[in-house]
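Architecture at a glance
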Amino acid sequence: MYSAVRTNDYDYPESEMDERESLYFDTISLAESEAAAAAAAHRKSISQSRNTIYHSAVDLAGDEGGGGSGGGRLRLGGGAAAEHAALAWQPGYRQSTALEHLNGGGGGGGDHTDAAIAAQMIALQNGRNHLPTGIGVTGDGGQGGGDDEVSRRLLRTSSNISNKDKKLPITYSQWKSRTYRRFDDGKRSVDFVLAYNGETQLEEHRRKCEIFEANLQREGLQLEHNKVQRVHFIKIHAPAEVLYRYAEILKIKVPLKPIPGQDQIFAESAHEFKTCFSRMCKSLFSSVQLNTALFPEREPRIHLEFSRNYLELYDTEHPNFLDASTRYSIINFILQRQRFVEGEETADNLGIEKLVQDGVYTCAYTLHDKDDRDRLLKEWANISKWKNLQPLDQIKDYFGAKVALYFAWLGFYTQMLIPISVFGVLCFLYGFITWNSDPISRDICDDNGTIMCPQCDRSCDYWRLNETCTSSKFNYLIDNNMTVVFAFSMAIWAVVYLEFWKRYSAGLVHRWGLTGFTHHVEHPRPQYLARISRTKKLAGKAYEQDHTGKRTILDPDVPFWSFKFLPNFTSYSIMVLFICISVIAIAGIIIYRMAQRASHSILGSENSMTFKVMILPMTAGIIDLIVISLLDMVYSNLAVKLTNYEYCRTQTECDESLTIKNYVFQFVNYYSSLFYIAFLKGKFVGYPAKYNRVLGFRQEECNPGGCLMELCMQLVIIMAGKQAVNAIVEMLIPYLMHTFKELSYRHGWYKSHQDQRLVPYNQFTEDYNLLPAENNSLYVEYLEMVVQFGFITLFSLAFPLAPLLALLNNVIEVRLDAIKMLRFLRRPVGMRARDIGVWHSIMTVVTRIAVASSAMIIAFSTNLIPKIVYAASMGDPELNNYLNFTLAVFNTKDFQVQPLLGGSQHVNETVCRYTEFRNSPEDPHPYKRPMIYWKILTGRLAFIVIYQNIITMLQGILRWAVPDVSGRLLKRIKRENFLLREHIIEYEKQHAMKLVQTELNGQQKSEGELRQRNNETVIRNRDEATSFV
């Protein structure tokens, strides 16, 4: 006999022992004896059993009688042994060891074999295959049983042992592998888990749970309770008949067994893809291919909507046949539509979401699969695998098609960034190579006599033009002859990327059996039905009562103007309000910049070029980023509540409504400051004799080289800063929260017993400690990437390296998103999808806006049009006097507000220059617009029209030339549909023939039996007649 074993008695480090081993024995005991459950309920906390293995014999004290030695079974001795076992439950009591039992220190007679078994279990758990040195086994008479007896009793199967010996403990590894994510029978898998607080459950909640679980069982789901810890779990398993029934209801497509003729279709398709060029590319990029041993290539299959009538036709062994994500979606569909009240049941009293919201259950989630997750973590969610392709088929099986399409889109978008990034680098290098050939920067640097007018009213001094030498050179890097070429390439690239993505996704969707799937097959959201049932005018249409009195929930039509208009109008009005708040915030930042120009800055002299060109734009950009992030956080939470207020029938409609509202706000929030610099700054300043003012402040002016340099700096700050903020929010904060929780659990920094950690001894307790995966969890990921897409299409001509920054970010983003979903989040419920939804339409709109944006930036923020007009008007193709051409002359005596120069060396200046096209003071019309200004304006407007029409025409040609679905795939789909129809017709024909044959056989059998009975009747009558005679 023994009570417990401590690892340090065998020189094991305590770090190798954890609460899971204690829970293992507690669970074994709970399954065997009611006395064990009572003992576990009286323990103060699980933490008292840390680093200790409690043997089942202690929990079985109520089942076992008096002591006695030997016996080959576990038992608790009487007298001193029982007292010793009782003391073992008290905190602080030193547990006896198996070695002490062997040496007679256990009190009373001891079962030495049981003690050795416990020691052997510890050795097995810690990776050893033999007993520690010095521990032997002696039988009742001192006979040595050795390790053979221990191993025999540990490994004895349940089929050849008695009921008594079935109480023998098994090793933790054996028990864990059998029940890690299965029912206690070790056979049925756990498909879904419900969790609730078992210690403080209210009676009302308990009653709702009972009704809800009873309804689940009526649907055919199998439930099993786990009440080992303070949080109780309900394990749910969906049998095959339930999956088949709902797969038919939900019109889920599954793969068929090979049918005649399909091999020819697949072979021809594979031959078309295996061209010489594709084989060469595959050999060149073999290092990025997937490991086929871990992710084997799947054989193609034809898919058909599931029907129980054709069960024999489906390939039940194929990985796509009702895979894990499909099973979880079916169970989630059932959970969302089960009631939890008796009597008059309404749509407001159904669904697991309502139960979780009311606190009846703490959460409902699916389970990660350890083997699949480990494989994905090693080969996919791994930064070191950044260059490898993604295992999209396995991602689809694990997370569902919706998540898989996101990662497919992100990977495709990242790959498409490679060519435009390379071209952007080449454009940037062109600027470096031709650095010294720019006439504007050369004239600025060589100029020593040009005096520029002050940039503010009183405190600013005159300054020399050559002070902007460095900034003018940097400005040339992004404003050169390649700027238009790069903008043209970006416009074409955006369309090519979107069109080829549609072709690529069509192939994926067909491979996954989702061709033809539409959102019209989606069932209404329970929240939508509940909203209708609470609306007085619609409540009468929401139900129908049959002759038996049973009420059926209906899906009535909801008129737009009567019901949907007001919620939608309110929701979008609040969106417009926040857009106005965002614009006001941007205007405040602009006024801040104006005020800084007009006053002495604490960051440096306002006359220094460092302040003008670097410090002021950087501080304004950082403030802008902070304001953008704060408004983003506030509105994102508000948008969810506004969307729930609307009448969104399906989950897809809800997600799209939320997406549109959020993105429109984010578009203004993120891009407004960039649009200001690109289109407004320096365009309506006025001239020194008559400045245009805002709240008494002069508007900001561009440097002599233009505002493109400042646009570049603002773009880099916001784009890179946003990516850094997203990385912190998505990865660093969850990691820090997880680390803090671990430290709190380890050092006991929790406030109450409710805050204690659950001991993760199986999959559902491990996943319980993870962060929940929301239905719209992909919204944040999509938004981040689509906003980035807007940056590089709308403004990348101001910074040709923007696509490269996006490429480097996305290479890491793919792996970080994968790590987040596998390590930090619970497994999301798989959802079907045929595309990326409304995000594609948003990117299409952004692409069209980008054409107009690029045209206006080139026309008004670069020197392209003024250079062309100057060269044509002045006959100076070398642009030798272009700088002087762009600077107007001003007489200092015409200042509205004379500057306070003090001891400045420019006190006696009579003339200064400013960047504008205006007449000189000596002209009959001083400071008025000259004819050249109107020529330049005409050229700018003409360029916008010509550029936009040419690009739009080319984009239209590309959209027409690149169909959404390739002709090869369309032909394959048609041939597959033909084969499928013929195969079903043949199957129905054979099935009908079998029925006819069975009916004929039955008729023949019936006729034969009838003839036999008639013959027997005749014989019997004859015999009776003979007997009578």
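Going by what an unreviewed UniProt entry lists, the chain is known as Anoctamin and is assigned to Drosophila melanogaster. Heading Sequence similarities (unreviewed entry) of the UniProt record for the chain holds this comment: "Belongs to the anoctamin family."

**So, the pairing of strand 3 (residues 192-197)**
Most of strand 3 is tucked away: six of the six residues are buried. Because side chains alternate across strand 3, one face comprises the buried residues F192, L194 and Y196, and the other comprises V193, A195 and N197, equally buried. As paired elements, strand 3 and strand 5 (residues 231-237) share six bridges and run antiparallel to each other. Note that in strand 5 the partner of V193 across the bridge is K235. Relative to strand 8 (residues 363-365), strand 3 runs antiparallel, the two sharing three bridges.

**A closer look at the UniProt feature "transmembrane region" (unreviewed entry) in the chain**
Mapped onto this numbering, the UniProt entry gives "transmembrane region" (unreviewed entry) at residues 406-433, 482-501, 569-592, 613-635, 789-816, 837-860 and 941-962. Along residues 569-592, the helical share is 100% and the strand share 0%, with 34 Å between the first and last C-alpha atoms. Along residues 837-860, the helical share is 96% and the strand share 0%, with 36 Å between the first and last C-alpha atoms.

**Section: the side chain of S673**
Along the polypeptide, S673 turns up in helix 25 (residues 651-680). Relative accessible area serves as the criterion here: at 5%, S673 is assigned to the buried category. Beyond its immediate sequence surroundings of up to four residues, S673 is in contact with I586, D624, Q714 and I718.

**Brief notes about the nonpolar core**
The biggest cluster of nonpolar side chains holds 127 residues, and the ones touching the most others in it are W409, W493, Y497, Y663 and Y671. Among the elements that take part in this core, helix 17 (residues 401-433) stands out by supplying 16 residues, more than any other. Excluding residues that lie within four positions of it along the chain, W493 makes contacts with Y413, M416, L417, I420, F789, I792 and T793.

**Some points on helix 30 (residues 838-861)**
Between the first and last C-alpha of helix 30 there are 33 Å, a value that for 24 residues agrees with the 34 Å anticipated at 1.5 Å per step. Counting buried positions along helix 30 yields 17 of 24 residues, so the element is predominantly enclosed.

**Digging into the packing of helix 17 against helix 19 (residues 469-478)**
At a minimum axis separation of 7 Å, helix 17 and helix 19 run at an interaxial angle of 140°. Regarding the angle of helix 17 to helix 19, the classification is oblique. The two elements helix 17 and helix 19 cross, and the hand of that crossing is right-handed. Every residue of helix 19 that contacts helix 17 at F428, Y430, G431 and F432 is listed here: Y476, L477 and I478. For the contact of helix 17 with helix 19, the per-class residue count stands at six nonpolar, one polar and no charged.

**What to know about the confidence of the model for the chain**
When the pLDDT values of the chain are averaged, the result is 75; 72% of them are 70 or greater. A low-confidence stretch, residues 600-611 stays under pLDDT 50, and its non-local contacts, those more than four residues away or across chains, total 27 contacts.

**Structural notes on the environment of T793**
Checked against the element boundaries, T793 lands in helix 28 (residues 778-794). In the structure, T793 is positioned 56 residues away from I849 in sequence and 9.0 Å away in space, judged by C-alpha atoms. Not counting residues within four places of it along the chain, the set of residues in contact with T793 comprises M490, W493, A494, V846, A850 and S854. Looking at T793, its side chain comes within polar contact range of the main-chain oxygen of F789, at 2.8 Å.

Here is what the cut-offs are and how they apply
Residues numbered from 1 in each chain as written. Predicted model: local features only at pLDDT ≥ 70, side-chain atom pairs only at ≥ 80, totals over all residues. Heavy atoms only, no water. UniProt positions renumbered as here; feature names shortened; annotations may be inferred. Buried < 20%, exposed > 50% of the residue type's maximum accessible area, 1.4 Å probe, protein only. Helix = DSSP H or I, 4+ residues; strand = E, 2+ residues; numbered from the N terminus. Pairing = 2+ DSSP bridges. Contact = heavy atoms within 4.5 Å. Core = buried A, V, L, I, M, F, W, Y, C linked by side-chain atoms within 4.5 Å. Expected span 1.5 Å × (residues − 1). Axes fitted to C-alpha atoms, helices over the stretch in contact; angles between N-to-C directions. Parallel < 35°, antiparallel > 145°, perpendicular 65-115°, else oblique. Left-handed = near helix turned anticlockwise from the far one by under 90°. Nonpolar A, V, L, I, M, F, W, Y, C, P; charged D, E, K, R; others polar. pLDDT = per-residue confidence, 0-100. Polar contact = N/O pair within 3.5 Å; in protein donor to acceptor, adjacent residues only side chain to side chain.

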